[in-house]
Amino acid sequence: MTRPVPAPHNAPAAEAAVLRLTGVTLHLGRDPQQVTALDAVDLTVDPGELVAVTGPSGSGKSSLLAVAGGLQTPTRGTVHVAGTDLSTLSERHRTAHRRRHIGYVFQHANLFGSLTAREQLLLTAHVAGRLDTAARRRADALLDAVGMSARAGHRPDQLSGGERQRIGLARALVLAPEILLVDEPTSALDRARARDIVDLLAQQTRAHHTATVMVTHDHEILDAADRVLTLRDGRLS
Ligand code: ADP
Ligand code: MG
C-alpha cells in the first residue's frame, strides 16, 4: 500500500447497528427442488466492523449478501438497513435506500464494458452527484491502493479477471458506503494481492466506520476480520 486514501467529503456519521438481520430465512426454487438457502439467520453489524462469513460452496454466502443488500426479499424475517426495515419500503424507496446506504462488490465485477478502469470509479461518484476534485483524488488513490494506477486507462476487456476484481472493489470504496457487502473479493487474486486487498478493506472499514460484510472461502485472509462467522447449510454460527 502506498499513499493514504483521502476521506470522501460526506463520510457517514457513526450510528450503532447499521445492518441487522433477524430470523432471516430464504427459500429458493419450487417445491420438490426447494432449497433453504438461509435458515433463521441473525446478524448485527456495527459501524467500523469487518465481519467475515465463511462456509463451503452452496452454504448460502451469496444469498446472505443478496438479502442483506435488499436485492432479494427473505421468505421470513426482517432486514434493517440504517435503522429502516426494508419490508416497510416500496420497491422504489427500497432501491433509493439501497443506493444511499449500501455498496455491493459482486464476485464478478459487473464493470461497464465501454468505460476505462478510472471511469468506472468516476461514474459511481457522478451518479451519486459527488464527482468533485476530492472524489477524483480519492478515485486515483484507490486505484493506486489496489495496484491499478498503471491500468487506469484500460477497459474491462483489456484486464485480467483479478484486475477487474480489484477495480470492482476500488469502485465500491469510492463513496465509502455505510454498509459494504463484498462477495469473495480475493477469488481471482494471488496471495500477495489478496493480502493487500483485504488489508485495504479492513483499513477503509475502520477509517470510515463502514459496516463491512465479506463472504469468502479463503481462510488465509480471515485474520483481517474483527469477527469470523460460519455458514453451513444456510445456518450462521
Ligand atoms: P454460496 O455463495 O455459499 O456458494 P449461494 O448463496 O449461492 O451459496 O447458494 C445457496 C444455496 O441455494 C445453494 O444450494 C444453491 O444451489 C441454492 N440456490 C442459489 N440460487 C438458487 C436459485 N435461483 N434457485 C434454487 N436454488 C438456488
Ligand atoms: Mg457465492
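Described in the following lines is the structure provided in the data block. Note that residues are indexed from 1 along each chain, following the sequence as it is written. Lettering for chains starts from A, numbering for ligands starts from 1, and both go in the order in which the items are written. Per-residue local features of the predicted model are confined to residues with pLDDT of at least 70, and side-chain atom pairs are confined, for both listing and counting, to 80 or more; whole-chain, interface and lining totals are unaffected and use all residues. Side-chain metrics in this entry use all non-hydrogen atoms of the structure; hydrogen atoms and water are not considered.

## Brief notes about the sheet that holds strand β2 (residues 35-45)
The 4 strands lie next to each other as β2-β1-β4-β5, forming an open sheet whose pairing is antiparallel. Every interior strand has two partners, whereas the edge strands, β2 and β5 (84-85), have only one. Note on pairing: two strands pair once DSSP finds at least 2 bridges between them. Per the convention used, a helix needs a DSSP run of H or I reaching at least four residues, while a strand needs a run of E reaching at least two, with both numbered from the N terminus. Note: strand β4 (residues 76-81) against β5, 2 bridges, orientation antiparallel. Of the residues in β5, the one forming a bridge with His-80 is Asp-85. Contact between two residues is taken to exist if any of their heavy atoms lie within 4.5 Å; hydrogens are not considered. Working convention: axes come from line fits to C-alpha atoms, limited for helices to the stretch in contact. Angles between N-to-C directions cover 0 to 180 degrees. In the packing of helix α1 (residues 61-68) onto the sheet, the strands contacted are β1 (19-28), β2 and β4, and the crossing angle to β1 comes to about 120°.

## Quick look at the environment of Ala-172
Following the sequence through the fold, Ala-172 ends up in helix α5 (residues 161-173). Each residue gets one of three labels from its accessible area relative to the maximum for its type: buried under 20%, exposed over 50%, partly exposed in between, using a 1.4 Å probe on protein chains only. Judged by its relative accessible area of 11%, Ala-172 is buried. In the structure, Ala-172 is positioned 10 residues away from Val-182 in sequence and 9.1 Å away in space, judged by C-alpha atoms. The residues contacting Ala-172, other than those within four sequence positions of it, are Tyr-104, Val-105, Pro-177 and Leu-180.

## Regarding the packing of helix α3 (residues 117-127) against helix α4 (residues 133-145)
The interhelical angle for the contact between α3 and α4, taken along N-to-C directions, is 140°, at an axis separation of 10 Å. Regarding the angle of α3 to α4, the classification is oblique. The handedness of the crossing between α3 and α4 comes out as right-handed. Across the interface between the two elements, Arg-118, Leu-121, Leu-122 and Ala-125 from α3 touch Ala-135, Arg-136, Ala-139, Asp-140, Leu-142 and Leu-143 from α4. Residue composition of the contact of α3 with α4, grouped by class: 7 nonpolar, no polar and 3 charged. In these notes the angle categories are as follows: under 35 degrees is roughly parallel, over 145 is roughly antiparallel, 65 to 115 is roughly perpendicular, and the rest is oblique. Handedness of a crossing follows from how the near helix is turned relative to the far one, being left-handed for an anticlockwise turn of less than a right angle and right-handed for a clockwise one. Amino acids outside the nonpolar list (Ala, Val, Leu, Ile, Met, Phe, Trp, Tyr, Cys, Pro) and the charged list (Asp, Glu, Lys, Arg) are all regarded as polar, and Gly is one of them.

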